[in-house]
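Spelled out, the chains give:
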Amino acid sequence: MDYKRKNILLIVPHMPAFDSCMPLMIRLHQRGKVDVKIIINRRLIKIDERLEQVLKASGVSYEVKSLLRIELFSWLQIARSDFILTHSDPVAYGGKFRPRDSFMKILKKNVVFIQHGMVQQGLQTKGLLRDVWDYYSQTLLIWADLPNTATNFLAPDVADRMHVTGITKTNLLSAWPNQDRLAAELSKFSHRVLICHNFGFETERYSDFMFEKALKVWKAAAQSRPDIAFILRSHRGKRHRDVEQKIAAMCKDCPNIIRSERHHGIMAMATINDVMALVDCVISHPSTTILDAVYDGKPVAVMNSFQRIFECLPNVDDLDNFTRFVEGCRSHAPNTALRRIYGNVSDNLDKAAIIVEQQMNNTKI
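Below is a short write-up of the structure. Just so it is clear, the structure is predicted and the values come from calculations on it, not from any experiment. Counting restarts for each chain: residues are numbered from 1 in the order of the written sequence. Owing to the predicted nature of the model, reporting of local features is limited to residues with pLDDT of at least 70; listing and counting of side-chain atom pairs is limited to 80 or more, with chain, interface and lining totals taken over all residues. Water and hydrogen atoms play no part in the side-chain values, which are based on all heavy atoms of the structure.

### Points about a nonpolar patch on the surface
Counted only if it meets this: By definition, no residue in a patch forms a salt bridge, and every one has over 30% relative accessible area; like charges are joined within 9 Å, nonpolar side chains (Val, Leu, Ile, Met, Phe, Trp, Tyr) within 5 Å. Exposure was quantified through the Shrake-Rupley algorithm and a 1.4 Å probe, taking into account, for residues, occlusion by the shown protein chains and nothing else. Between Lys or Arg on one side and Asp or Glu on the other, a salt bridge is scored when a side-chain nitrogen of the former is within 4 Å of a carboxyl oxygen of the latter. Starting at the N terminus, helices and strands are each numbered in turn, a helix being any DSSP run of H or I of at least four residues and a strand any DSSP run of E of at least two.
A cluster of nonpolar residues, Leu68, Leu72, Phe73, Trp75, Leu76, Phe97, Ile106 and Leu107, forms a patch on the protein surface that exposes about 830 Å² of accessible area. Of all elements in the fold, only helix 4 (67-73) and helix 5 (75-80) reach the threshold of two or more residues within the nonpolar patch. Among the elements that make up the nonpolar patch, the one with the highest residue count is helix 4 (three residues). Mapped onto the elements of the fold, Ile106 is located in helix 6 (residues 99-106).

This is how it looks when you write it as structure tokens:
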């Protein structure tokens, strides 16, 4: 009897899908035990040509389509695929206008979900969206063992479908084209600090009081040390209407606070890794940015922390601790505790690939 190689499809409508899923797809392709197929949003590779450079260099098979075609006419590619890889489960993270999610469920496709955030609703935290989180995916790849509290809000049998792999997200892009120019502009500062915040994007976690306190700390620190560049970046570089006015007003009084925004300013279209390459240390709300910093070898501190896993990091909610970390950041050793928990990325990708290959080759289609 002829053996038919199984294939797995990845649809990439935006950058989070690329960051989360592409490393595993490339590793599956390199291992050569299953076939991989990729559909990527045309606008995405027009915005950043480095994405297509990665695809071409990897040798993976890919198609470029408009987002409209991806959403409305991807059913045929989904139907022809044995498995689908996604960072956004069709049930847990459904609800937006995404017909492809409906196609996966209607066609009863086998779906592999891969974790995309260090702090993620439905896995580590319940949040305010719902009391019980269910997942459609038959296979869920997660970075670390879940806290015991997760069993309180995961639907029955979801935990049985989970496989711990360690972190699988890693930067695949080459150096940002504007890197040298921006580095030259920032060279006039004694050192550079990246502050990543989620104010306005996770209101259930970060109150107005926390925001007002952070503004006072940032402003005081920046005015006391005009020789230090403070690069301020909100969630994925987006603006949020409710916080924008106050941040803009603060920046007028602090020329050494520089905004990193997705669509504005000197860092427009820079990824978090592009910005990370320019700084000496990182301060962040609990998020994957912390792991980005750890794996990039940058000293990192946390603010407004609510999870025990971050107890190994300096906390900088008040001015004294903030200033102490910033002024001594070059003397801080990179964090090793989180690396021990989340593992070696390359080894983790092999572990994840083996799980996917076993699931695919043991499943009757």
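### Things to note about the side chain of Ser287
Rules: Here a polar contact is taken to be a pair of N or O atoms separated by no more than 3.5 Å, where protein atoms must pair a possible hydrogen donor with a possible acceptor and residues adjacent in sequence count only if both atoms sit in side chains. When checking whether two residues touch, look at their non-hydrogen atoms; a contact exists if any pair is within 4.5 Å.
Mapped onto the elements of the fold, Ser287 is located in the loop between strand 11 (281-284) and helix 11 (288-295). Polar contacts involving the side chain of Ser287 include one to the side chain of Ser284, which spans 3.3 Å. Among all residues touching Ser287, those that are not within four sequence positions of it are Met118, Val119, Asn198 and Phe310.

### Considerations on the environment of Ser224
Quick note on the threshold: Categorising residues by exposure relies on relative accessible area from a 1.4 Å probe, with only protein chains included: less than 20% of the type maximum marks a residue as buried, more than 50% marks it as exposed, and the intermediate range marks it as partly exposed.
Considering the arrangement of structural elements, one finds Ser224 in helix 8 (residues 208-224). By relative accessible area, Ser224 is classed as partly exposed at 45%. A polar side-chain atom of Ser224 sits 2.9 Å from the main-chain carbonyl oxygen of Ala221.

### Concerning the pattern of salt bridges
Summed over all chains, the structure comprises 23 salt bridges. Lys246 is paired through a salt bridge with Glu212; the nearest N and O atoms lie 2.4 Å apart. Pair noted here: Lys246 is in helix 9 (residues 241-253) and Glu212 is in helix 8, with a separation of 34 residues, a long-range link. For Glu212, a relative accessible area of 31% translates into the label partly exposed. Between Glu261 and Arg239 there is a salt bridge whose closest N-O contact spans 2.6 Å. Of this pair, Glu261 sits in the loop between strand 10 (257-259) and helix 10 (272-276) while Arg239 sits in the loop between strand 9 (228-234) and helix 9; the two residues are 22 residues apart in sequence, bridging distant segments of the chain. When its relative accessible area of 7% is taken as the criterion, Glu261 is described as buried. For Arg239, a relative accessible area of 43% corresponds to the partly exposed category.

### What to know about the packing of helix 8 against helix 9
Selection criterion: Interaxial angles span 0 to 180 degrees and are taken between N-to-C directions of axes, which are lines fitted to C-alpha atoms, for helices over the stretch in contact. Here is the rule for angles: anything less than 35 degrees is roughly parallel, anything more than 145 is roughly antiparallel, 65 through 115 is roughly perpendicular, and the remaining ranges are oblique. Crossing handedness is defined as follows: a turn of the near helix away from the far one that is anticlockwise and smaller than a right angle gives a left-handed crossing, while the clockwise case is right-handed. Residue polarity is assigned by list, with Asp, Glu, Lys and Arg as charged and Ala, Val, Leu, Ile, Met, Phe, Trp, Tyr, Cys and Pro as nonpolar; anything else, Gly included, falls into the polar class.
At a closest axis distance of 10 Å, the pairing of helix 8 and helix 9 adopts a crossing angle of 15 degrees. The pairing of helix 8 with helix 9 is recorded here as roughly parallel in orientation. Considering only the axes of helix 8 and helix 9, their crossing is right-handed. Contact residues: Phe211, Glu212, Leu215, Trp218, Lys219 and Gln223 in helix 8; Val243, Lys246, Ile247, Met250 and Asp253 in helix 9. Grouping the constituent residues of the contact of helix 8 with helix 9 by class yields six nonpolar, one polar and four charged.

Everything listed here is a matter of geometry and, on its own, says nothing about what the molecule does.
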